[in-house]
Amino acid sequence: MSDGKMVKMPMPRVDSVTVAVRVRPFSQREKNSGSKCVISMHSRTTTTIQDPKNPEHRKTFTFDLAYWSHDGFQKDKDGVFISTDPSSKFASQKDVFHDLGRGILDSAWQGYNATLLAYGQTGSGKSYSMVGLGANKGIIPNVCEELFQAIEERERNQEYQVTFSMLEIYNEQIRDLLSRTKQPGGLKVREDQHLGFYVDGLKSVPCGNYAQIERLMEQGTKIRTTASTNMNASSSRSHMVITIQFRQVFLDRDLTKQSTINLVDLAGSERQKSSGSEGDRLREGSQVNLSLTNLGNVISALADAATGKKVLHIPYRDSVLTKLLQPALGGNSRTTLIAAISPADICYEETLSTLRYAERAKKIRNRAVVNTSTLMRESKAENDRALLVRGNSGMAEQPARPLAEAGPWARQLEQAREEWRQHHVAVAKEQWIMKTLPHLLNVNEDPQLTGVLKYFIQAGSCDAGRAASNAIHLQGLGISDKHASFTNSDGKVTVTPHSKCKVVVNGVPIVTKTKLQHLDRIILGSNSAYLYIGFPSERGSEDLTRFDYDFFQLERAAAEGVSVDKLGAASHGDGKADPGMLAVFQDYVRLMPLVAEANQMGEELKKGLRMELKVKNLAASDSRGHELQKEVMVKVTNQRTREVWIWSKAKFINRKFLMEELYRRFLDGEESHVAQEDDPFWDPVEVVHLGSAHIWLQSLAYSMKLEEQVEFMNCEGEEEAVVHVCVTPCSPAGRACGEEDVVIDPSELLGKRMDFQVGLVRCLGVKWLKEDAGRGIQMGYRIYDLSSTLYTKPVWKMVNPQIEETVQFTALNASQEFLNYLQTNALIVDLWGLQEGCTQLDCSQSDLMVTSEGHVMVDTKKMSTLMDPGQTPSNQISELYMKLLKLEQETELLRDTNRALREENVFLKQSLEKVGSTQQGERLPHKPSNTLKLTWTAAHPPAAREMNQMYTRPASSDREFAKALKLFYHSMNQARGQLLRLRQEKPPEEDEMLRPFVQQQAQKLKDFGDVLESSLRRLKNDVAVIVKKKREWLIPRGLSPGVLRQFAEIIAEGTDFLQKGGGRSLKV
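Residues numbered from 1 in each chain as written. Predicted model: local features only at pLDDT ≥ 70, side-chain atom pairs only at ≥ 80, totals over all residues. Heavy atoms only, no water.

## With respect to the overall build of the protein chain
Check the secondary structure of the protein chain and you find 21 helices and 45 strands. Across the 1068 residues in the protein chain, those meeting the buried criterion constitute 47%. Excluding contacts between residues fewer than 6 apart, the proportion of contacts in the protein chain whose partners are at least 24 apart in sequence is 67%. Total accessible area on the protein chain is roughly 52,900 Å²; 51% of this is exposed by carbon and sulfur atoms. (Helix = DSSP H or I, 4+ residues; strand = E, 2+ residues; numbered from the N terminus. Buried < 20%, exposed > 50% of the residue type's maximum accessible area, 1.4 Å probe, protein only. Contact = heavy atoms within 4.5 Å. Areas by Shrake-Rupley, 256 points an atom, 1.4 Å probe, with all protein chains shown as cover.)

Next comes the structure, spelled out in structure tokens:
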């Protein structure tokens, strides 16, 4: 340049992104869930994560720094967390600042741009590391404070200029947190050839000391809190960017050094699968998730480029966030990323995702340069920027002059000081009022935003609500113009709701005037939470931090009767609740306020919907009776059309993002009407799962018919309907088996053909149909290894619909696995609700394997291995193949028959040879037969005719024994049903209903005991009769008393075995 000294451009320095990981302590929610720690750090650079489902599987990551802040700490007298002892590896806020904050300051003093990014899931501790909480200051305030401390100690022939700006990016819109004026649509990002991307119109405030920056941060946080409340937008879903412009002016050398410090607290990084639009017909509702996805794409592309891969494009322009972070990622900046992680097993997937994200980021290479310039060049650049902003305003160009002159900078600094002095007076006044008057403190989901807003209750009566004329001007979802009145009189404060406005005190909704006590919890509207601080005489040295957002929601849930016990958490026998159920409870509590907000938005937008939380599989079990994994879902009902939808947690959260977007347009006075297919409050009608019924198949294993009425239990464990079902063993032609076909031992069916029919006769008392006569139902089930579910035909507009559908199943070669399945498993029949216009469930059987008679085939595992891999099942199986398979079964049956006949022949031959023998004590050979097997010794063996009677008589006894077993199994099925109903019933919440409930349960237990006792008594009597008949038959034949005694003992042993519930076969 001709106007000043030429400064040699410095060479860029290639630096990798510095990556640090920090693990926090368990949150209260994680403690309540019984969480276990899955993170370990064995050095200052390594982080190991353990898979809670597979503890042997561990993955270790290596970063520049690893901070263990999980345990080993205590509070000092000032409330600062410090190590418990010198051997503790606890990393405090001071330790983190020493490594990361001082590195940022060193870069700034040298003239480098510096960026610090905080990444992690919501609640992982990002904001705590960046901003801090209470006495535990984070990196941002420490950087600012030490910067000004260092400036104070520098030489006086240098000038230091510091400006501060603070912005928030939410849903791809930029809000200036230092300006009280909201720009419609947010501030715009512009691009300049020299400046790169910048935010047009962003307020940048000169600062002369740390106190001014502290005041600006408080102001920005207050505006952020107000915006979060007004727009019903959680701060965890927004990015906060603080920018400090630091300029060093060297007057004696005509030189400046310029550094831009960006401190970025990114939004919660929840994976799209768990918090986004998985399975939703509508787009991803949160632009926050999209901006983080784009940030991930940029990082991945830069990481690939750093490892030598060919990258054609870096997608900086795909979001507002990545445009502003372009210098920090692969550009002119020294960049540090701190990844905040949870130690809890319930956050394993999120934590692993964060660690992988950080691992990619550390591969990025930046090219930072020292930003220096001459004063004349700096002045010309300032004028160019001013012209860029003014445009063609006709103003004459001002002569360039050094920035250090007593001009614009000095005036801006003095103006900022004046604003700070005014703010200081206002803060002092507010603190004095807080000490004298009762007031409300806001409580936010983000701890950083809690206690920022204060509403004072003056003497007399004051209204609270949306209207600007109210003494307490409140904003928030569900807040009316005149919402409630607070009265401060005679040393007490009361609150009175207006009309039907929602006011909750300590978790309980109120409708009349209510006196407030110090530290009462108040919720106004849908979810605006406040802590009441009473008169000075009521106050003590309470720890207000325990009344956090979670405390409010847990209290509200408890008042509404929602608890771990209410949701049905099972104990492991050690007194501790099931961790899985605890996690579901935490999800339930977390979604409660979100559902309340969604209902309020729907009400104001006149959508006519009602949303309510349900727990999927709350009272459901699998075919073996084991509990199914539970999860929270949302039931949505259109109150006008009675249409019902069931949304998963992920789908609901995505829809709520879209609802908020629509609601913001409504509040801003914009057009909020959308086409039906784009409406987040609407979905096409769908089939709804109503409940499940368990039909235990044990009787089939003994070739016995089962006919009973079984309850369909819904997700809450309540009876939804009753189904009349018949499970009948039959012949291939469909003839029902009789008592003579009953087997004592299921193994007798091994390898044989089994045919049985499942008939759904009728469905009784369907609540779904009672609620709306225009609805319909279908039922579906899948038995053993069927590839698809069988559905009944739809039945509409009948409260007690007649089904009358029977399907015959065939196992051509019953395997041991199939027989085991019948003895231990239930057939689960699902009841589905149909709505007008919904797609019905396919009731065709086109993809099933069938026999030549048209029966559905089960237990086809062996057959599948014989089939060619290219073959497809169902009707495409050739008739020839089916005939060959049938022929193979019949051949095997003939072989078995032939083998049995040979054994009988040998036995009879040996018996006849020994009939005439008179040797004492000679033992008759054992008869290998499927009938009663008896080894005995006789003084005088019976004649051939008597032997023939001996082997024909037990067959009749076996039939009698089978009949007794059949009656016993029917009784046991009754008892099982009673036991299931007893287990599913929950005690009432009201104390006055508890005594009748206990009496009712006692009577049911007595009935259950009577059924069990009578069943066992009947079986015992039947077996005794059979034994008596056998004795009467055996004694005249000259059997010795010892043999008879042995036989009686065997029968008695069998009876005892059955009484104890033995499941295996008994061979006598």
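On we go from here.
## What to know about the sheet that holds strand S27 (residues 492-497)
The strand order across the open sheet built from 5 strands is S25-S24-S26-S27-S30, with neighbouring strands paired in mixed fashion. A strand with exactly one partner marks an edge of an open sheet, and here the two such strands are strand S25 (472-473) and strand S30 (514-516). Bridge analysis of strand S26 (residues 484-489) against S27 gives 6 bridges, and the strand direction is antiparallel. Bridged to Ala484 within S27 is Pro497. (Pairing = 2+ DSSP bridges.)

## Brief notes about unusual backbone geometry
With phi around 55 degrees, Ser703 is a residue other than glycine that occupies positive phi space. Structurally, Ser703 is set in the loop between strand S36 (688-696) and strand S37 (706-713). On the basis of relative accessible area, Ser703 is assigned to the buried category, the value being 11%. Here the phi dihedral of Lys797 falls at roughly 60 degrees; this positive angle occurs in a residue that is not glycine.

## Examining the UniProt feature "binding site: ATP" (unreviewed entry) in the protein chain
UniProt records the feature "binding site: ATP" (unreviewed entry) for Gly120, Gln121, Thr122, Gly123, Ser124, Gly125, Lys126 and Ser127 in the present numbering. Here Thr122 is to be found in the loop between strand S9 (114-119) and helix H3 (126-130). A residue is classified by how much of its surface remains accessible, and Thr122, at 30% relative accessible area, is partly exposed. Here Ser127 is to be found in helix H3. The exposure class assigned to Ser127 is buried, which follows from its relative accessible area of 18%. (UniProt positions renumbered as here; feature names shortened; annotations may be inferred.)

## Observations concerning the sheet that holds strand S5 (residues 54-62)
If you walk across this open sheet you meet the 3 strands as S3-S4-S5, and the pairing is antiparallel. Unpaired on one side and paired on the other, strand S3 (39-40) and S5 mark the two borders of the sheet. With 2 bridges connecting them, S3 and strand S4 (residues 46-51) associate as antiparallel partners. Bridging from a neighbouring strand, Ile39 pairs with Ile49 of S4. Where helix H9 (residues 348-361) meets the sheet, its contacts fall on S3, S4 and S5, and the angle it forms with S4 comes to roughly 145 degrees. (Axes fitted to C-alpha atoms, helices over the stretch in contact; angles between N-to-C directions.)

## Here's the deal with helix H16 (residues 816-824)
Among the residues of H16, those classed as buried are Phe818, Leu819, Tyr821 and Leu822. The buried residues of H16 occupy an angular sector of 155 degrees when projected down its axis, which confines them to one face. Where H16 is buried, its residues contact strand S39 (754-764), strand S43 (802-811) and strand S44 (826-834). (Arc of directions from axis to C-beta.)

## Observations regarding the pairing of strand S32 (residues 528-533)
The element S32 is extensively covered by neighbouring structure, given that 6 of its 6 residues are classed as buried. Residues Ser528, Tyr530 and Tyr532 of S32 are buried on one face, and the alternating residues Ala529, Leu531 and Ile533, pointing to the opposite face, are buried as well. Sheet topology places strand S22 (residues 439-443) next to S32; 5 bridges connect them, and they run antiparallel. Pairing of Leu440 across the sheet is with Tyr532, part of S32.

## Considerations on the packing of aromatic side chains
Counted according to the given criterion, the structure contains 16 aromatic pairs. A ring pair is formed by Phe756 and Phe809, whose centres lie 5.5 Å apart and whose planes are at 25 degrees; its orientation type is stacked. With Phe756 in strand S39 and Phe809 in strand S43, this residue pair connects regions lying 53 residues apart in the sequence. Judged by its relative accessible area of 0%, Phe756 is buried. Overall, the relative accessible area of 0% leaves Phe809 in the buried class. With centroids separated by 6.4 Å and ring planes inclined at 25 degrees, the aromatic side chains of Phe756 and Phe818 adopt a geometry described as stacked. Taken as a pair, Phe756 in strand S39 and Phe818 in helix H16 lie far apart in primary sequence, 62 residues in all. On the basis of relative accessible area, Phe818 is assigned to the buried category, the value being 0%. A network of ring pairs unites the aromatic residues Phe756, Tyr781, Tyr784, Phe809, Phe818 and Tyr821 as a single cluster. The lysine or arginine in question, Lys59, covers the ring of Phe61, its NZ or CZ lying 5.1 Å from the ring centre. (Phe/Tyr/Trp six-rings, centres within 6.5 Å; stacked < 30°, edge-to-face > 60°. Lys NZ or Arg CZ within 6 Å of the ring centre and 35° of its normal.)

## Brief notes about the pairing of strand S17 (residues 239-250)
The buried fraction of S17 amounts to 11 of the 12 residues, a majority that puts the element mostly inside the structure. Relative to S17, strand S12 (residues 158-170) is paired through 12 bridges, and the arrangement is antiparallel. Bridge pairing in S17 links Thr163 to Gln245. Here S17 folds back onto strand S18 (residues 255-265), and the loop between the two strands holds 4 residues, one of which, Asp254, carries a positive phi near 50 degrees.

## A closer look at the environment of Lys502
Along the chain, the position of Lys502 falls in the loop between S27 and strand S28 (503-505). Looking at Lys502, the relative accessible area reads 40%, which means it is partly exposed. The spacing of Lys502 and Ile479 is 23 residues in sequence and 8.1 Å in space, taken between C-alpha atoms. Side-chain polar atoms of Lys502 contact the side chain of Gln600, separated by 3.3 Å. (Polar contact = N/O pair within 3.5 Å; in protein donor to acceptor, adjacent residues only side chain to side chain.)

## Overview of the environment of His439
As for its position among the elements, His439 is in strand S22. The exposure class assigned to His439 is buried, which follows from its relative accessible area of 3%. In this structure His439 touches Met434, Tyr455, Phe456, Ile457, Leu531, Tyr532, Ile533 and Arg539, once residues within four positions along its chain are discounted. Polar side-chain contacts of His439 include one of 3.0 Å to the backbone oxygen of Leu437.

## Here's the deal with the side chain of Lys630
Summarising the element assignment, Lys630 is placed in the loop between strand S33 (609-616) and strand S34 (631-638). When its relative accessible area of 12% is taken as the criterion, Lys630 is described as buried.

## Quick word on helix H11 (residues 408-436)
Taking 1.5 Å of rise per residue, 29 residues should cover 42 Å, and H11 covers 43 Å from first to last C-alpha, within 8% of that figure. Of the positions making up H11, those classed as buried are Trp409, Leu413, Ala416 and Ile433. (Expected span 1.5 Å × (residues − 1).)

## Some points on the side chain of Thr46
Along the polypeptide, Thr46 turns up in strand S4. Accessibility expressed as a relative area gives 17% for Thr46, which makes it buried. Those residues in contact with Thr46, other than ones at most four positions away along the chain, are Ser40, Met41, Thr60, Phe61, Thr62 and Ala66.

## A word on the packing of helix H2 (residues 93-110) against helix H4 (residues 139-152)
Where H2 meets H4, the closest approach of the two axes is 10 Å, and the angle between their N-to-C directions is 50 degrees. When the axis of H2 is compared with that of H4, the two are oblique. Considering only the axes of H2 and H4, their crossing is right-handed. Across from Val96, Phe97, Leu100, Gly101, Arg102, Leu105 and Trp109 in H2, the residues of H4 making contact are Ile139, Asn142, Val143, Glu146, Leu147, Ala150 and Ile151. When grouped by side-chain class, the residues that make up the contact of H2 with H4 number 10 nonpolar, 2 polar and 2 charged. (Parallel < 35°, antiparallel > 145°, perpendicular 65-115°, else oblique. Left-handed = near helix turned anticlockwise from the far one by under 90°. Nonpolar A, V, L, I, M, F, W, Y, C, P; charged D, E, K, R; others polar.)

## Details of the environment of Leu251
Mapped onto the secondary structure, Leu251 falls in the loop between S17 and S18. The partly exposed category is assigned to Leu251, whose relative accessible area is 46%. Remark: the alpha-carbon pair of Leu251 and Arg156, spanning 95 residues in sequence, is separated by 10.0 Å.

## Describing the pattern of salt bridges
Tallied over the full model, the rule gives 25 salt bridges. Notably, a salt bridge pairs Asp683 with Arg655, separated by 2.7 Å at the nearest N-O pair. Linking Asp683 in the loop between helix H14 (649-667) and S36 with Arg655 in helix H14, this pair joins segments that are 28 residues apart in sequence. In this structure, Lys656 engages Glu660 in a salt bridge whose closest nitrogen and oxygen atoms are separated by 2.5 Å. Placement of both Lys656 and Glu660 in helix H14 is noted, with a separation of 4 residues, approximately one turn of the helix. Looking at Lys656, the relative accessible area reads 4%, which means it is buried. What emerges from the salt-bridge pattern is a single network uniting Glu597, Lys656 and Glu660. (Salt bridge = Lys/Arg side-chain N within 4 Å of Asp/Glu carboxyl O.)

## Points about the confidence of the model for the protein chain
Put simply, the protein chain has an average pLDDT of 80, and 75% of its residues get 70 or more. Predicted confidence is poor over residues 918-952, with pLDDT under 50, and the contacts of this stretch with residues over four places away or in other chains come to 48 contacts. Low pLDDT, under 50, characterises residues 1057-1068; the predicted model gives this stretch 19 contacts beyond four residues in sequence or across chains. (pLDDT = per-residue confidence, 0-100.)

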